[in-house]
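Report on the structure
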Amino acid sequence: MATDLHELLRSLRVWDPEVTSLPPFHPAEAPAEPLGLFARWFAQAVAAGQTEPHTMSLATADEAGLADVRTVMLHGADADGWAFASHSHSRKGAHLTARPYAALGFYWPVLGRQVRVRGPVTAAPSAEGQADLHARSTGALAAALTGRQSEILGSANELARASEAAWERARREPDAPVPSWTLYRLRPDEVEFFQGDEHRRHVRLRYRREGEGEGWARELLWP
């Protein structure tokens, strides 16, 4: 089985020019702050047909400093930071309470691009979290109402019953509150933009926040 896996891995190619068109990236033309470039790259990923471009990896650490990562959805990005949401009692919520610092990773293979973001995380006021939740789909509300995220599940039937009840309530009460639902914002200290190159001359541009001010230093990194 391991041999089959290794053979499969060796058969794969990254950014094959026959199926992937890698766009150029000229760092000298990048804006002075990272949010504008992120918005531009995000729009280009959508236009290029990237599947679920708003999904991202979220890395946190527990009280002992042990790392964890999962895929979540981006809820927004503005001057206040990159936003995502979860129950405060979930594993990620517990991590962010103990260590309010995280990293995000976006990968858009259709363009050979990555964006990495890291910085301190804060919880938005409860009213903002509830407004964010109720602006989403009925399914999102049902999932939030199901609750008990990251707890031990006794059986698939138990989940099915809880989910059915949550869907019924979400349809009946589209403004049903979910007190544990929390909107988090990561205010970046660093944002890195990575553009792949078929000759492996990848372009990496890092924005680094300077001191307590709002300015950004920009620097190229070796690939």
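Right, let's walk through the structure included here. (Residues numbered from 1 in each chain as written. Predicted model: local features only at pLDDT ≥ 70, side-chain atom pairs only at ≥ 80, totals over all residues. Heavy atoms only, no water.)

1. As for the packing of aromatic side chains
By the definition in use, this model includes twelve aromatic pairs. An angle of 75° between the planes, with centres 5.1 Å apart, marks the rings of F25 and W41 as edge-to-face. On the criterion of sequence distance, the pair formed by F25 in the loop between α1 (2–11) and α2 (34–47) and W41 in helix α2 is long-range, its members being 16 residues apart. For F25, a relative accessible area of 10% corresponds to the buried category. An angle of 70° between the planes, with centres 5.3 Å apart, marks the rings of F38 and W82 as edge-to-face. (Phe/Tyr/Trp six-rings, centres within 6.5 Å; stacked < 30°, edge-to-face > 60°. Helix = DSSP H or I, 4+ residues; strand = E, 2+ residues; numbered from the N terminus. Buried < 20%, exposed > 50% of the residue type's maximum accessible area, 1.4 Å probe, protein only.)

2. Topic: the nonpolar core
One broad trend across soluble globular proteins is that nonpolar side chains are buried collectively. Counting 28 residues, the largest nonpolar core has F106, V115 and F193 as its most contacted members. Among the secondary structure elements, those contributing two or more residues to this core are α2, β1 (55–61), β4 (81–87), β5 (101–108), β6 (113–123), β7 (181–186), β8 (190–195) and β9 (203–209). Sequence-distant contacts of F106, defined by excluding residues within four places in its chain, comprise F38, P53, T55, M56, L74, W82, R113, Q114 and V115. Among the nonpolar cores identified, the runner-up in size contains 14 residues, and A83, A85, A144 and A166 belong to it. (Core = buried A, V, L, I, M, F, W, Y, C linked by side-chain atoms within 4.5 Å. Contact = heavy atoms within 4.5 Å.)

3. A word on the pairing of β5
The side-chain alternation of β5 yields one buried face, formed by A102, L104, F106 and W108, and one unburied face, formed by Y101, A103, G105 and Y107. Bridge count between β5 and β6: eight bridges; the pairing is antiparallel. Residue pairing for β6: Y101 is matched across the bridge by P120. In this structure, the hairpin formed by β5 and β6 is closed by a connection of four residues, where G112 is found at a positive phi of approximately 65°. (Pairing = 2+ DSSP bridges.)

4. Some points on the packing of helix α5 (residues 138–146) against helix α6 (residues 156–172)
As a packed pair, α5 and α6 sit with axes 8 Å apart at the nearest point and diverge in direction by 130°. The angle between the axes of α5 and α6 places the two elements in the oblique class. α6 is crossed by α5, and the crossing has right-handed handedness. Here α5 contributes T138, G139, L141, A142, L145 and T146 to the contact with α6, which in turn contributes L159, A162, S163, A166, W167, R169, A170 and R171. (Axes fitted to C-alpha atoms, helices over the stretch in contact; angles between N-to-C directions. Parallel < 35°, antiparallel > 145°, perpendicular 65-115°, else oblique. Left-handed = near helix turned anticlockwise from the far one by under 90°.)

5. Focus on unusual backbone geometry
Glycine aside, the phi torsion of most residues is negative, and most peptide linkages are trans. Phi is positive for S150, close to 75°, though the residue is something other than glycine. Residue position: S150 is located in the loop between α5 and α6. The class of S150 is exposed, set by a relative accessible area of 52%. For R200, which is not glycine, the phi dihedral falls at a positive 70°. Counting through the fold element by element, R200 comes out in the loop between β8 and β9.

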